[in-house]
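# Summary of structural features
Here is how the chains run, residue by residue.
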Amino acid sequence: MIDHATIERIIDAAQIVDVVSDFVKLKRRGVNYLGNCPFHNEKTPSFTVSPAKGIFKCFGCGKGGNSVNFIMEHEALTYPEALKFLARKYQIDVVEKEETDEERQQKDDRESMMIVSGFAQKYFTRFLWNEDEGKAIGLSYFRERSFRDDIVKKFDLGYCPDGKSIFTEAAQREGYRMEFLEKTGLTIQRDDWVRDRFSGRVMFPIHNVAGRVIAFGGRILKEDPKAAKYLNSPESEIYHKSKVLYGIFHAKREISRLDKCFLVEGYTDVLSMHQSGIENVVASSGTALTSDQIRLIRRFTQNVTILYDGDEAGIKASLRGIDLVLEEGMNVKVLLLPQGEDPDSFARKHSATELLKYISDNETDFIQFKTKLLLKTTENDPVARATLIKDVIRSVAVIPESITRAVYIRECSRLLNVEEAVLYNEVRRILRSRAEKGGGTLPPDPPMKPKPQPVAAAVEKGDLSIEEMELLRFLLKYSHQPLFEQESEQKEQPEIISVGDFIIGQLTEDDLVPDKHVFKVIFSEMAEKLSDESFQAERYFTHHADNRVSQLASDLLAEKWIESKRWTRGGGHTEKEHEILDQLVPRIVNEYKLRKIKEMHMELEQKLSGIDHDDVDSGLFEILAKIQNLKKIEKYLSEKLGSRAFI
Ligand SMILES: [Zn+2]
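Each chain carries its own residue numbering, running from 1 in the written order of its sequence. It should be noted that, the model being predicted, local features are given only for residues of pLDDT at least 70 and side-chain atom pairs only at 80 or more, the latter also being counted only at that level, while totals for whole chains, interfaces and linings use all residues. Based on all heavy atoms of the structure, the side-chain values leave hydrogens and waters out of the count.

## Side note on the side chain of T301
Mapped onto the secondary structure, T301 falls in the loop between helix 12 (291-298) and strand 14 (303-308). For every residue, the accessible area (1.4 Å probe, protein chains only) is compared with the maximum for its type, and the residue is labelled buried under 20%, exposed over 50%, or partly exposed between those bounds. With a relative accessible area of 1%, T301 lands in the buried category. Any pair of nitrogen or oxygen atoms within 3.5 Å is treated as a polar contact; in protein, a donor-acceptor pairing is required on top of that, and neighbouring residues in sequence qualify only through side-chain atoms on both sides. Among the polar contacts made by the side chain of T301, one reaches the main-chain amide nitrogen of N303 at a distance of 3.1 Å. Only DSSP runs of H or I covering at least 4 residues are called helices, and only runs of E covering at least 2 are called strands; the numbering of each starts at the N terminus.

Listed below in structure tokens is the structure:
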């Protein structure tokens, strides 16, 4: 846990414009800044940053928040990770709060494993650059393969010295415990026999999406018929091979900016692509593609292009895996490289521009690709052809969205020269049998990328009603503004009632505070701070430690960037909101109360309809009395709201 004072310092230092500018080119526009949204693909900038409020808001995709939220979203980090990220940027020492034993226990193992992995990476990298053996064997290998030094550094490549346990001994001298060296697989221990797993190998650290080292791949350089060319860390608490993509940390920003991800097979494919200037690329590192890996990509884009070398046998073996990608509702394209080339060799020979042109000229839709590939092998063989049609249709059937499916069926009908109706029948048959078999249902529609939506809709998230959101907005914006004076018996001077006093007083008195998490947090913390003159509600809540709170607060405050028409409709009223608070605030409180009363009334009516009227103990009369009472209040509030006093 990071202690509160440190969080405050980080938030103070992390000015929104400064933080966002690292990732987005911003232009000044009046008091705000404007740029192209990094979270969705757009040509006209709708991504707005307000230095005064310390928040950003995209009016295209609805994302918004403070500088910590921005880093969380952009770098795919958790809240504490984002704070640490910013602390590093502003060179603030993070003071971790004492944890309970239980907390420590839970976190310690994983954390210790990450720490030891981080140490190992630094050790291997230092060895590669500074030690004779590292330079002579490791560095010269990378240079022979013409990797530039900046690429070797960017990916933290390294070298593990050749010997029984040179690394392990060094780690132990530095105080790292055998338990975690072994759990991460860096060290192999049997009884009293200890050795380094990766000795004599060049090292490719594997980073998680947040950029921490969680495992390694090591390539052996000397001739050893008994040793595997590539060796990976074993599965561990921090490394699940099937959930990791090599290069995701270095690629995620470009993947989301370009809304596209290239998928290659090996470490060096990723490095060569980066070296040629293409950075939206990840590798599945030898394993068949898994659903978890696909979901990891889908956090950043829906569009994947798989790059294959020209070996047809290899391609056929991997076709099955691609059905998984289709199943996740992603758009899959395939690129076959010229015979004898792999992404690594091909990227070396071409500039980024050439490479991108080759890709866009030659990438084909997966279903088309598969159909053509299989067609080639089944010429003049009717039985094989029938199997092929079934096979292709099976791929089409996993596509979760029916419109996309329809497009594919048309295309396949053309390629296979089979009537659409026949293909439709086959798809339906597959879907039906799948639904019956797994007890599963038909595939659901895929989660779509957020569509551009009006601001109001973006704000309406969560389960808060319009009235509740308006109450919160007035609290956030105007809590300390005087609303009116109230005569008081105890005091000589009339008491000044602020917006905050009024809203909080009204809701508390009538016991009408909504039982919703975010509302309660803002409401109760606001109540505590009411007497504090210097309290800045906007800043406090947009930078709140509870991410749901800061998110909502940012949304509510950002909404007002667009001139609200709500209070200016009819009658030519053009008053600014803050000039007519004495009218608006009581009105919104009453609107809220009326909605609440109506809800309670409805509930009681429902109860009433389920009651046995002959049962004396059923509480019938109590309910009737309550309804009577609510009706009175409803009438009173409606009249008040309808009267001229409230516009
Ligand atoms: Zn956006």
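Let's pick the thread back up.
## Some details on helix 10 (residues 248-258)
Every buried residue belonging to helix 10 is among I248, H250, A251, K252, E254, I255 and S256, and all of these are buried. Count one or two residues on from helix 10 and you reach D259, which has phi positive near 55 degrees.

## Details of unusual backbone geometry
Glycine aside, residues mostly have negative phi angles, and peptide bonds mostly take the trans form. Of note, the phi angle at Q91 is positive, near 50 degrees, even though the residue is not glycine. Position of Q91 among the secondary structure elements: in the loop between helix 4 (79-89) and helix 5 (101-130). Positive phi, normally seen in glycine, also occurs at D156, with a value near 55 degrees. The exposure class assigned to D156 is partly exposed, which follows from its relative accessible area of 23%.

## A word on the packing of aromatic side chains
The pairing test for Phe, Tyr and Trp rings, Trp by its six-membered ring, is centres within 6.5 Å, and the orientation test on the planes gives stacked under 30 degrees, edge-to-face over 60, and tilted for anything in between. In total, this model carries 32 aromatic pairs according to the counting rule given. For the pair F39 and F47, a centre-to-centre distance of 6.4 Å together with 65 degrees between the ring planes defines the contact as edge-to-face. F39 gets classed as buried once you look at its relative accessible area, which sits at 12%. Cluster of aromatic residues (ring-pair linked, three or more members): F119, Y123, F124, F127, Y159, F167, Y176, F198 and F216. The positively charged end of R348 is found above the aromatic ring belonging to F147, 4.5 Å away from the centroid. Charge-over-ring placement is defined geometrically: NZ (Lys) or CZ (Arg) within 6 Å of the ring centre, and within 35 degrees of the ring normal. Here the guanidinium or amino end of R473 rests over the ring plane of F474, the centre of that ring lying 5.1 Å away.

## Some words on the sheet that holds strand 11 (residues 230-232)
Whether two strands pair depends on DSSP finding at least two bridges between them. Judged by pairing direction, the sheet is antiparallel, and its 4 strands sit side by side in the order 6-9-10-11 without closing on themselves. The open sheet has two free edges, formed respectively by strand 6 (158-160) and strand 11, since each of these has just one partner strand. Adjacent strand axes in the sheet meet at a mean angle of 35 degrees, parallel and antiparallel pairs treated alike. In the packing of helix 11 (residues 267-276) onto the sheet, contacts are made with strand 9 (201-207), strand 10 (213-220) and strand 11, and the angle to strand 9 comes to roughly 75 degrees. Orientation is described by axes fitted as lines to C-alpha atoms, over the contacting stretch for helices, and by angles from 0 to 180 degrees between their N-to-C directions. Only heavy atoms enter the contact rule, under which two residues are in contact if any of them lie within 4.5 Å.

## A few points about the pairing of strand 7 (residues 187-190)
Consecutive side chains along a regular strand alternate between the two faces of the sheet. The sheet contact formed by strand 7 and strand 8 (residues 193-196) spans 4 bridges and is antiparallel. Note on strand 8: the bridge partner recorded for R190 is W193.

## Here we look at the nonpolar core
In terms of nonpolar packing, the biggest core is built from 58 residues, with F124, F142, F167 and Y246 touching the most fellow members. Per-element tally for this core: the top contributor is helix 5, with 10 residues. Those residues in contact with F142 that sit more than four places away from it in its chain are L128, F147, V152, L157, G158, V202 and F204. Think of a nonpolar core as a cluster: buried Ala, Val, Leu, Ile, Met, Phe, Trp, Tyr and Cys residues, connected wherever their side-chain atoms sit within 4.5 Å. Membership of the second largest hydrophobic core comes to 47 residues, among which are Y308, L319, I367 and L416.

## Examining the sheet that holds strand 5 (residues 64-66)
Ordered in space as 1-2-3-4-5, the 5 strands form an open sheet in which the pairing is antiparallel. Each of the sheet's edge strands pairs with one partner strand only, and the pair in question is strand 1 (27-29) and strand 5. For this sheet, the mean angle separating the axes of adjacent strands, direction not counted, is 25 degrees. One ladder, built from 3 bridges, connects strand 4 (residues 55-58) with strand 5; its direction is antiparallel. Residue K57 lies in a different strand from strand 5, and its bridge partner there is G64. Packing of helix 3 (residues 67-75) onto the sheet brings it into contact with strand 3 (47-50), strand 4 and strand 5, and relative to strand 5 it is tilted by some 120 degrees.

## A short note on the pattern of salt bridges
By convention in these notes, a salt bridge is any Lys or Arg side-chain nitrogen within 4 Å of a carboxyl oxygen on Asp or Glu. As enumerated under the stated definition, the model contains 33 salt bridges in all. R126 is the salt-bridge partner of E131, the closest N and O atoms lying 3.2 Å from each other. With a shortest N-O distance of 2.8 Å, D149 and R143 are connected by a salt bridge. Taken together, the shared-partner salt bridges connect D109, R177, E179 and K183 into one network.

## So, the environment of V396
Summarising the element assignment, V396 is placed in helix 17 (residues 382-397). For the pair formed by V396 and Y408, sequence separation is 12 residues and the distance between their alpha carbons is 6.8 Å. With residues up to four places along the chain from it excluded, the contact list for V396 reads I367, R405, Y408, I409, C412 and V427.

## Section: the pairing of strand 9
With 7 of 7 residues buried, strand 9 lies mostly within the body of the structure. Of the pairings in the sheet, the one linking strand 6 to strand 9 comprises 3 bridges and is antiparallel in character. Each bridged residue has a counterpart across the sheet, and for Y159 the counterpart in strand 9 is V202. Counting the residues that bridge the hairpin from strand 9 to strand 10 gives 5 residues, and of these G211 lies at a positive phi of roughly 95 degrees.

## Thoughts on the packing of helix 22 (residues 499-509) against helix 23 (residues 517-529)
The N-to-C vectors of helix 22 and helix 23 enclose an angle of 115 degrees; their axes lie 10 Å apart at closest approach. Here helix 22 runs over helix 23; the crossing is left-handed. Of the residues in helix 23, those in contact with I503, I504, L507 and T508 of helix 22 are F519, F523, M526 and A527. Residues are grouped as follows: Ala, Val, Leu, Ile, Met, Phe, Trp, Tyr, Cys and Pro are nonpolar; Asp, Glu, Lys and Arg are charged; all remaining types, including Gly, are polar. A per-class count over the contact of helix 22 with helix 23 returns 7 nonpolar, 1 polar and no charged. If you view the pair so one helix is near and one far, a crossing is left-handed when the near helix is turned anticlockwise from the far one by less than a right angle, and right-handed when it is turned clockwise.

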